[in-house]
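Report on the structure
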Amino acid sequence: MKNYNIKTNTKKLGCFFIGMMAIATNVFSQQIIKKDVEIDAMVKEINVDSLRQNMTKLVSFGTRSTLSNQSSNTKGIGATRAWILSRFNEYAKSSNGRLTAFIDTITYKADGKRVNRPIILGNVVATLKGTDPNDKRVFVISGHLDSRRSNEMDSVGDAPGANDDGSGTIAVMECARVMSKHSFPATIIFVTVSGEEQGLLGAYFMASKAKKENWKIEAVLNNDIMGSNNSNETNIIDNTRLRIFSEGLSVTDTGKTATQIRNLGLENDGRSRQLARYIKEVGERYVENLQLMMIYRNDRFLRGGDHSAFVENGFAAVRITEMNENYTRQHQDIRVENGINYGDVIEHIDFEYLRKNSGINLANLANLAKAPAIPEEVKIDVKKLTNSTYLYWKAPKTGIVKGYYILMRETTSPVWQKKLYTESLDMSLPFSKDNYFFAVQAVNETGNESLPVMPAVGR
Ligand SMILES: [Zn+2]
């Protein structure tokens, strides 16, 4: 049995555990980091020049207010959508016909809130179709293409929205550019939505359609405000950390499921939280000088974003956002007031930070879409009281499996600490299930692992 202790990132747990638990010695042991060369090469292909070029064009449309002009070729949201579509179509040329793009539109009526007249709402969607016809899994990366002024109803004045959310939009486009030249068994959707600033309209449009049509979305990586490296007031400058917000429990965790979660102490293992944990590990595996900070919240205090539309429809979704926000730039008209430069302009974008942040998206999308599907019927044996743990499962429905990782962590640990490898469909571990959490992932030849599955009770 091989034992891959892939980067566990437990260093910061410090010396509290020294000598206390056998597992804690792992903290200071050597870690084997096994990279997939294809993913490594793709991450390295993301580049600052390409990001800057697209960003420069994006901010040239004046405003991207969802309420702005839809018929001009050079200004407003109509021109923006058409340009993003043209970029996706350009990338599609090297995809062997697998990348297809369109603008998904809906007529949205005045809602008495942030939409004061009927508008055509349009999400620009590029789909990189999976190569395995039996693999129905879908992985989504999103950003919002719309921007806003201080007054969200002002649809005329300049609103460059370089960071909010030009950064997320450009990251989505860059991932599409690089990944469309490669093929994956599962499907990846690159989407830039509209209407975020008017009430997450484009995201709700897409998420409710996905639910109604039963899309098998396993992960949504929503990128919103992730290209600037500093804060106002506290004046922190840092492009080495990035936040991943995730909810603990899903709206679908009700009734018996909720009781089970409470009984087994699984409050920290909901699907979105599990996804955040996965993103942290895989992201830090491929992108250097970037620490992913999991925030145990769906979003920032009393604020929201497009991933909320997906979590409310029962999907696993996270928000990816820069470490420190600058409120003199966000949702602010460009002006100078009391010596402070307000406005969300391109000069404030740290393209090296945006490169790294795009990289963690790409690494995760690629790793998920290359990986086999999740193992089926993962169970933890509870037939009798014992001080060991017996796990068993069935092979995934799709994908070529090489083996399985059994993940293990202390109940108080935010990240998985041990990763044990087996090629069989069960494993017995000399650790009590009372004291640790376990999960199982399917992994292929090139080391791409599925999302982890927490075991159900097996009698
Ligand atoms: Zn935003």
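Residues numbered from 1 in each chain as written. Predicted model: local features only at pLDDT ≥ 70, side-chain atom pairs only at ≥ 80, totals over all residues. Heavy atoms only, no water.

**A few points about the sheet that holds strand 16 (residues 436-443)**
Quick reminder of the rule: Two strands qualify as a pair provided DSSP detects at least 2 bridges between them. In this text, helices come from DSSP runs of H or I with a minimum length of four residues, and strands from runs of E with a minimum of two, each type numbered from the N-terminal end. The axes are straight lines fitted to the C-alpha atoms, using for helices just the contacting stretch, and the angles between their N-to-C directions are given from 0 to 180°.
The antiparallel open sheet is built from three strands, whose spatial order is 14-13-16. Both outer strands of the open sheet, strand 14 (418-422) and strand 16, are each paired with one neighbouring strand and no more. Taking each pair of neighbouring strands and ignoring which way they run, the sheet shows an average axis angle of 25 degrees.

**Considerations on the confidence of the model for the protein chain**
Heads up, the condition is: By definition, pLDDT measures how confident the predictor is in each residue, and it falls between 0 and 100. Every residue pair with non-hydrogen atoms within 4.5 Å of one another is taken to be in contact.
Residues with a pLDDT of 70 or more make up 94% of the protein chain, whose mean pLDDT is 94. Under a pLDDT of 50 for its full length, residues 1-26 has, in the predicted model, 55 contacts with residues more than four places off or in other chains.

**A few points about the nonpolar core**
Rules: Here the nonpolar core consists of buried residues drawn from Ala, Val, Leu, Ile, Met, Phe, Trp, Tyr and Cys, with membership extended through side-chain atoms lying within 4.5 Å. For every residue, the accessible area (1.4 Å probe, protein chains only) is compared with the maximum for its type, and the residue is labelled buried under 20%, exposed over 50%, or partly exposed between those bounds.
Counting residues in each nonpolar core, the largest one holds 69 residues, and the members touching the most others are Phe88, Met179, Phe190 and Leu362. With ten residues, helix 9 (residues 351-370) is the single largest residue contributor to this core. Beyond its immediate sequence surroundings of up to four residues, phenylalanine 88 is in contact with Leu99, Ala101, Val124, Ala126, Val172, Met173, Ala176 and Phe190. Listed in part, the 17 residues of the second largest apolar core include Met206, Ile217, Ala309 and Phe310.

**Some remarks on the coordination of the zinc ion**
To be explicit about the condition: Note that water is not among the atoms used; donors are N, O and S atoms within 2.8 Å of the metal (3.2 Å for Na, K and Ca), so sites may look incomplete. Just to be clear on the cut-offs, tetrahedral is four donors with all angles between 85 and 135 degrees, square planar is four donors and octahedral six with opposite donors over 155 degrees apart and all others between 65 and 115, and anything else goes down as irregular.
Coordination of the zinc ion by the protein comes from His144 (NE2), Asp164 (OD), Asp224 (OD) and Asp224 (OD), over a distance range of 2.0 to 2.6 Å. In this structure, the zinc ion is coordinated by four donor atoms arranged in irregular fashion, with angles at the metal of 52 to 144 degrees. All donors of the zinc ion belong to a single chain; written as a sequence motif, their spacing is H-x19-D-x59-D. Here aspartate 164 lies in helix 4 (residues 162-179) and histidine 144 lies in strand 3 (residues 137-144), a separation of 20 residues in the sequence.

**Overview of the packing of aromatic side chains**
Using the following cut-off: Centres within 6.5 Å are what make two rings of Phe, Tyr or Trp a pair, Trp counting through its six-membered ring; a difference in plane orientation under 30 degrees is then read as stacked, over 60 as edge-to-face, and the rest as tilted. Here, a charge over a ring means that NZ of Lys or CZ of Arg falls within 6 Å of the ring centre while also lying within 35 degrees of the ring normal.
A complete count under the given rule lists seven aromatic pairs for this structure. Look at phenylalanine 61 and tryptophan 83: their rings are 6.0 Å apart centre to centre, the planes differ by 45 degrees, and that puts the pair in the tilted class. With phenylalanine 61 in the loop between helix 2 (48-58) and helix 3 (76-92) and tryptophan 83 in helix 3, this pair connects stretches of sequence that are 22 residues apart. Take tryptophan 83: its relative accessible area is 12%, and that puts it in the buried class. Linked through ring pairs, Phe431, Tyr436 and Phe438 together constitute an aromatic cluster. In this structure, arginine 273 packs its charged tip against the face of tyrosine 296, placed 4.1 Å from the ring centre. For the cation-ring pair, arginine 409 lies above tryptophan 416, with the distance from its terminal atom to the ring centre recorded as 4.6 Å.

**Overview of the sheet that holds strand 2 (residues 119-128)**
Here eight strands make up an open sheet; going across it, the order is 1-2-4-3-5-8-6-7 and the pairing mixed. Single-partner strands in this sheet number two, and they are strand 1 (99-108) and strand 7 (291-295). For this sheet, the mean angle separating the axes of adjacent strands, direction not counted, is 25 degrees. Note: strand 3 against strand 4 (residues 187-193), seven bridges, orientation parallel. Residue valine 138 lies in a different strand from strand 4, and its bridge partner there is threonine 187.

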